[in-house]
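Chain residues, written in single-letter form:
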2 protein chains.
Amino acid sequence: MATIKQVALEAGLSKSTVSRFIAQNGYVSDEARKKIEEAIKKLNFTPNLSAQSLKTKKNQLVGLLLPDISNPFFPMLAKGAEEFLKEKGYRVMLGNIGENHQSEHDYLKVLLQSNAAGIISTHDFKEEFPDLDIPSVIVDRVGHKSNYGVFSDNESGGRLAAKVIVEAGAKNVAVVSGPLNATNINNRFKASIAYLKEKKVDFKALYSQSYDFEEIQKEAREVLANKENFDSIIAPSDIHAMAYIHEIHRLDKKIPEEIQIIGYDDIQMSQFIYPALSTIHQSAYQMGLEAAQLIYKIATDQPIEKSKIELPVHYVARETIRQKGKE
Amino acid sequence: MATIKQVALEAGLSKSTVSRFIAQNGYVSDEARKKIEEAIKKLNFTPNLSAQSLKTKKNQLVGLLLPDISNPFFPMLAKGAEEFLKEKGYRVMLGNIGENHQSEHDYLKVLLQSNAAGIISTHDFKEEFPDLDIPSVIVDRVGHKSNYGVFSDNESGGRLAAKVIVEAGAKNVAVVSGPLNATNINNRFKASIAYLKEKKVDFKALYSQSYDFEEIQKEAREVLANKENFDSIIAPSDIHAMAYIHEIHRLDKKIPEEIQIIGYDDIQMSQFIYPALSTIHQSAYQMGLEAAQLIYKIATDQPIEKSKIELPVHYVARETIRQKGKE
DNA sequence: GTGAAAGCGCTAACAG
DNA sequence: CTGTTAGCGCTTTCAC
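Keep in mind it's a predicted model, so treat the numbers as computed, not measured.

Attention shifts here to the relation of the copies chain A and chain B. A rotation about some axis, followed by a shift along it, carries one copy of the chain onto the other. Of the transformation placing chain A onto chain B, the axial shift is 0.0 Å and the rotation is 180°, giving an RMSD of 0.1 Å. Expressed as an axis order, the relation between the two copies is that of a two-fold axis. No C-alpha of chain A lies nearer the rotation axis than that of A:I273, which sits 1.9 Å from it. Looking at chain A, 100% of its interface residues are interface residues in chain B too, so the copies touch through the same face.

Mapped onto the present numbering, the UniProt feature "domain: HTH lacI-type" (unreviewed entry) falls at residues 2-56 of chain A. Along residues 2-56 of chain A, the helical share is 71% and the strand share 0%, with 20 Å between the first and last C-alpha atoms.

This paragraph deals with the protein's contact with DNA strand D. Looking at DNA strand D, there are 27 residues lining it, with A:S16, A:S29, B:I4, B:K15 and B:S19 nearest. Within the side chain of A:R20, a nitrogen or oxygen atom sits 3.0 Å from a base oxygen of DNA strand D. Elements represented by at least two residues in the surface near DNA strand D include exactly α2 (15-23) and α4 (49-56) of chain A together with α2 (15-23) and α4 (49-56) of chain B. Among the elements that line the surface near DNA strand D, the one with the most residues is α4(B), at 5 residues. Broken down by class, the residue content of the surface near DNA strand D amounts to 11 nonpolar, 11 polar and 5 charged.

The interface is formed by 42 residues belonging to chain A together with 42 residues belonging to chain B. Around 3800 Å² of area is buried between chain A and chain B when both sides are counted, 63% of it from carbon and sulfur atoms. Its largest share of buried area at the contact with chain B, chain A owes to A:L94, A:Q113 and A:F272, together 17% of the area lost on that side. In this structure, the connection of chain A to chain B is made through 2 salt bridges. Linking A:K79 and B:D68 is a salt bridge whose minimum nitrogen-to-oxygen distance equals 3.2 Å.

This part takes up the domain arrangement of chain A. Each assigned domain of chain A is listed with its residue range as follows: domain 1 (4-53), domain 2 (61-152 + 285-313) and domain 3 (154-281). Placing the centre of domain 1 of chain A and that of domain 2 of chain A at their C-alpha centroids yields a distance of 34 Å.

Attention now moves to the protein's contact with DNA strand C. Lining the immediate surroundings of DNA strand C are 27 residues, of which A:I4, A:K15, A:K55, B:T17 and B:S29 lie closest. Counting only the atoms of DNA strand C within 4 Å of the protein, the fraction contributed by sugar and phosphate is 59%. Measuring from a sugar or linking oxygen of DNA strand C, one finds a side-chain N or O atom of B:K57 at 2.9 Å. Here the surface near DNA strand C takes 5 residues from α4(A), the largest share from any one element. Partitioned by chemical class, the residues of the surface near DNA strand C number 11 nonpolar, 11 polar and 5 charged.

All told, the structure shown has 11 aromatic pairs over all chains when counted by the stated rule. Ring centres 5.8 Å apart and planes at 80° place the aromatic pair B:F84 and B:Y296 in the edge-to-face group. One end of the pair, B:F84, is in helix α5 (residues 73-87); the other, B:Y296, is in helix α11 (residues 284-299), and 212 residues separate them in sequence. Given a relative accessible area of 13%, B:F84 falls into the buried group. Given the relative accessible area of 18%, B:Y296 is considered buried. Consider the rings of B:Y90 and B:Y296, whose centres lie 5.8 Å apart with planes at 85°: the pair is edge-to-face. With B:Y90 in the loop between α5 and β2 (91-96) and B:Y296 in helix α11, the pair connects residues that are 206 residues apart, well separated along the chain. As far as the burial class goes, B:Y90 and B:Y296 line up, both buried. The side chain of A:R188 reaches across the aromatic face of A:Y264, ending 3.7 Å from its centre.

Our focus in this paragraph is the sheet that holds strand β8 (residues 232-234) of chain A. Residues and elements named next belong to chain A. Taken together, 6 strands build an open sheet; the order of strands is β7-β6-β8-β9-β10-β12 and the sheet is mixed. The open sheet has two edge strands, β7 (202-207) and β12 (314-316), and neither has a second partner. Here the average twist between neighbouring strands, direction ignored, is 25°. Relative to β12, strand β10 (residues 279-281) is paired through 3 bridges, and the arrangement is antiparallel. Across the sheet, the residue bridging to I280 is Y315, located in β12. Where helix α7 (residues 154-167) meets the sheet, it contacts β8, β9 (260-265), β10 and β12, and its direction lies at approximately 165° from that of β9. Where helix α10 (residues 238-250) meets the sheet, it contacts β6 (172-177), β8, β9 and β10, and its direction lies at approximately 155° from that of β9.

Two side chains that carry opposite charge are able to pair once their charged atoms sit near each other. All names here are of chain A. The final tally for this structure, using the stated rule, is 24 salt bridges over all chains. Ionic pairing is found between D266 and R318, a salt bridge with its closest N-O pair at 2.5 Å. Of this pair, D266 sits in the loop between β9 and β10 while R318 sits in the segment after β12, placing them 52 residues apart in sequence. An identical accessibility class is assigned to D266 and R318; each is buried. Here the salt bridges do not stand alone but share partners, grouping R221, E247 and R250 into one network.

Right, let's get into unusual backbone geometry. Residue and element names in this part refer to chain A. The step from I255 to P256 runs through a cis peptide bond, and the omega angle for that step is 5°. Turning to its location among the elements, P256 is positioned in the loop between α10 and β9. Despite not being glycine, K200 shows a phi value in the positive range, around 55°. Within the secondary structure, K200 sits in the loop between α8 (183-198) and β7.

Calculation rules
- Residues numbered from 1 in each chain as written.
- Chains lettered and ligands numbered in written order.
- Predicted model: local features only at pLDDT ≥ 70, side-chain atom pairs only at ≥ 80, totals over all residues.
- Heavy atoms only, no water.
- Least-squares fit on C-alpha atoms with pLDDT ≥ 70 in both.
- Contact = heavy atoms within 4.5 Å.
- UniProt positions renumbered as here; feature names shortened; annotations may be inferred.
- Helix = DSSP H or I, 4+ residues; strand = E, 2+ residues; numbered from the N terminus.
- Near = heavy atom within 4 Å.
- Polar contact = N/O pair within 3.5 Å; in protein donor to acceptor, adjacent residues only side chain to side chain.
- Nonpolar A, V, L, I, M, F, W, Y, C, P; charged D, E, K, R; others polar.
- Buried area = accessible area lost by both parts, 1.4 Å probe.
- Salt bridge = Lys/Arg side-chain N within 4 Å of Asp/Glu carboxyl O.
- Domains from an automatic or database assignment.
- Phe/Tyr/Trp six-rings, centres within 6.5 Å; stacked < 30°, edge-to-face > 60°.
- Buried < 20%, exposed > 50% of the residue type's maximum accessible area, 1.4 Å probe, protein only.
- Lys NZ or Arg CZ within 6 Å of the ring centre and 35° of its normal.
- Pairing = 2+ DSSP bridges.
- Axes fitted to C-alpha atoms, helices over the stretch in contact; angles between N-to-C directions.

Right, dumping it as structure tokens:
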């Protein structure tokens, strides 16, 4: 790998001039510019990022800390972030955190050690490390401590899910909450319940502990075994909904005739399962994109109009909810 | 961020001693060791990775270059790689390359500029940049140029798919090939065709240009519109199979009674679609893991028994292939 | 066992 | 507009 020194030599100029040229700051004459360009091409020079970062204490690197990359919601989020960031010359470091605190901690450390430009995370680590000096935007699971956040309108989403199911004739609904440490989940959950209470529809609150399909499947089996005779289920995610659908199939019950179910997220899979899942759509891609934009603006000292960005949601009618007027 | 100098000062020792301590090489007395540990804890010191990398010309970083993170095969691969690498103290830089050559090129450059320890990629860039001096292992789409590769037994997989479908009574099969630039796809495809010829079963070769669902859907629509009356389809991936299934539904044909179809990959989604997809299983997670292990071994100068690792595949019977003896 | 010194490749005053 | 200089934080001979 060629160095700036060799380029300077080749071009018959000093390191500083070359440095000014590549950093695009300070004056460089057209003549010098030309010589440098030739030298760079000839030597196939490309600046050493470690040296650059060491000197400037900056790094065009952003950490992307996700709970589970195999959950289809997150690859889309990653894609949204990566596409924007790469366009701006930033790199993304992928961290699959799971529920593992150690792992998160390790990544935070590494990111700090690398002078990373920022962190996009689903977990608000600033609660645990409040004096961590690095820009961070929390996506999806935004709490109140976060300075910057991107999330969808969980309140509306939760209400909407309940509304859809009630209008389709729900009489006895199971409202299942996802793991409660996720604030967004909690908001949806509360909003659904509030709506149900308003409309005086019977319901029971259920609590799921996991996002792992196998785990949820077990929970679903137990829930459905307790003969509560739910005629409707509000699921906290499409993955949850699918696990329930799977178990409902095993019980030979008809969807949506005997049990109707609504998901949340609208992951790609939702349209391919049987019956196709009716769900509340939120855009993971958009979330990743907006989060990346925020980080970029912070890193480049651009003004930020909104530090908390709320994305709209909407209902996608498919086959797991009874159609109005079609009893 | 504290520096090694401050730690040295605090411990009453020299930078070199502290450096030897953190790098775990060279002698450090127990007494010094203790003082350093205290100082590090007190100052919350953690070495600057850029400085380290600049000096040592090494970086515990590996690039993961994928064609499309939203294709469910790749998140699992990423997970396998990330979990192993993080355990070993390495980081992964995620690059979503698409079919974009520029993007791949940019990432290769950045990885080089960062002294990355290696690259895991689905595309054998060494064909284009043969003198790129960085360890690389090609996953999934391994060609002949690659020094290191991890791939599944595509030959067997292709034959197996054809065998399954023939034994289920196929008379007129559409063998669809994925984009042909992917060697693995090509091998499967050829193996399927070879088997079909052996068994003297009528078939037609079809060529898909994409992995994007919408695109494939269009292709499928066209294929099915040309009334060739296929009774069986061998798909190059589960995603392709799903697109075909989707279109077959539109045509109100029964699966597997009128058309049977076999996929490839066994992504999670496959068990949830309707009908559940019969497919050839290969483990993306394992692929990522093995690739990461290879990189790690190369980076740490460990002996490598096998530079090309072939993973086994197997058939997963579900509902899109007719059961033997059940006509 | 430990420290002094040089230097990795780059940037940023500052002087010219 | 360009070059000199110092130094980012770390590692690594090489003396002591």
